[in-house]
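# Structural overview for review
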Amino acid sequence: MLLKGLNDVSIYIVPLMSDKLTWQDLTVESGFINAYTSDKNRPYLEDKIFLVYDSKVNTKESLERYTKFEHLETVYNKRYITINKHPYTVYCFSNPKYNKDISRLKSIGKLNSIATAKEILYFWNNVPVPELIERLYYPTYRIGESIEAELPEEDHYPYEDIKG
């Protein structure tokens, strides 16, 4: 399985979103594109995390991920969008269990809890992630660097302007 171009949101925040998520849900084979902390198209959805998947990927892994996500309690909603004429599925997650840890990661890029750092490390067990140990356990390493990413703007279609 191939992990490709994961951003810091995918690496540090996604492992805290559900005990049922695994790194296999973040592979090219599952259709994973990246994770985001905000959605330019839905700014009112604060304190949510957005996982974006390529809707055209049709593999065993993408089907397994789709089935799993349909039953996750932390999925707030699902939306189909188009960006640059390509279809994507956006899963919006809420997670009250780790809101303080996620908020701290988003604002200063660090965690309060060693136990939470261990959960992230366990999530990536046997997957090489550059700088993971340093970011999680060295107190001054990249401190103050927020972990945020904004979902790109979706395509606008003229039919959306029709009011009926």
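That block above? That's the structure.
Residues numbered from 1 in each chain as written. Predicted model: local features only at pLDDT ≥ 70, side-chain atom pairs only at ≥ 80, totals over all residues. Heavy atoms only, no water.

## Considering the side chain of D54
For D54, the position within the fold is in strand β3 (residues 49-54). The residues touching D54, leaving out its near neighbours within four places in the chain, are G31, I33, H86, P87 and Y88. (Helix = DSSP H or I, 4+ residues; strand = E, 2+ residues; numbered from the N terminus. Contact = heavy atoms within 4.5 Å.)

## As for unusual backbone geometry
The phi angle at N126 is positive, at roughly 70 degrees, despite the residue not being glycine. Mapped onto the elements of the fold, N126 is located in the loop between α4 (114-123) and α5 (132-137). When its relative accessible area of 73% is taken as the criterion, N126 is described as exposed. Phi is positive for E131, which is not a glycine, with a value near 65 degrees. You can see E131 is positioned in the loop between α4 and α5. (Buried < 20%, exposed > 50% of the residue type's maximum accessible area, 1.4 Å probe, protein only.)

## A closer look at helix α3 (residues 99-108)
Looking at α3, one finds that the buried residues are D101, I102, L105 and K106. All buried residues of α3 project into a common sector of 135 degrees when viewed along the axis, lining one side. Trailing α3 by a residue or two, G109 shows a phi angle of about 75 degrees, which is positive. (Arc of directions from axis to C-beta.)

## A few points about the packing of aromatic side chains
All chains considered together, the criterion is met by 6 aromatic pairs. With a centroid separation of 5.8 Å and 85 degrees between ring planes, the pair formed by Y53 and Y91 is classed as edge-to-face. Within this pair, whereas Y53 is found in strand β3, its partner Y91 is found in strand β5 (residues 86-93), the two being separated by 38 residues in sequence. Both residues of the pair, Y53 and Y91, count as buried. Considering the side-chain rings of F69 and Y91, the 4.8 Å spacing of their centres and the 85 degrees angle between planes classify their relative orientation as edge-to-face. In this pair, F69 sits in helix α2 (residues 60-70) while Y91 sits in strand β5, placing the two residues 22 residues apart along the sequence. Both residues of the pair, F69 and Y91, belong to the buried class. (Phe/Tyr/Trp six-rings, centres within 6.5 Å; stacked < 30°, edge-to-face > 60°.)

## Quick look at a nonpolar patch on the surface
Together, L63, Y66 and Y80 make up an exposed nonpolar region whose accessible area comes to about 340 Å². Note on placement: Y80 falls in strand β4 (residues 75-83). (Patch = residues over 30% accessible without salt bridge, like charges linked within 9 Å, V, L, I, M, F, W, Y side chains within 5 Å. Areas by Shrake-Rupley, 256 points an atom, 1.4 Å probe, with all protein chains shown as cover. Salt bridge = Lys/Arg side-chain N within 4 Å of Asp/Glu carboxyl O.)

## As for the sheet that holds β4
Strand order in this open sheet of 4 strands is β1-β3-β5-β4, and the pairing throughout is antiparallel. Two strands in the sheet have a free side with no partner beyond their single neighbour: β1 (32-36) and β4. Each strand axis lies, on average, 20 degrees off the axis of its neighbour in the sheet, ignoring direction. In the sheet, β4 pairs with β5 via 8 bridges, with the strands oriented antiparallel. Looking across to β5, one finds that R79 is bridged to V90. (Pairing = 2+ DSSP bridges. Axes fitted to C-alpha atoms, helices over the stretch in contact; angles between N-to-C directions.)

Everything listed here is a matter of geometry and, on its own, says nothing about what the molecule does.
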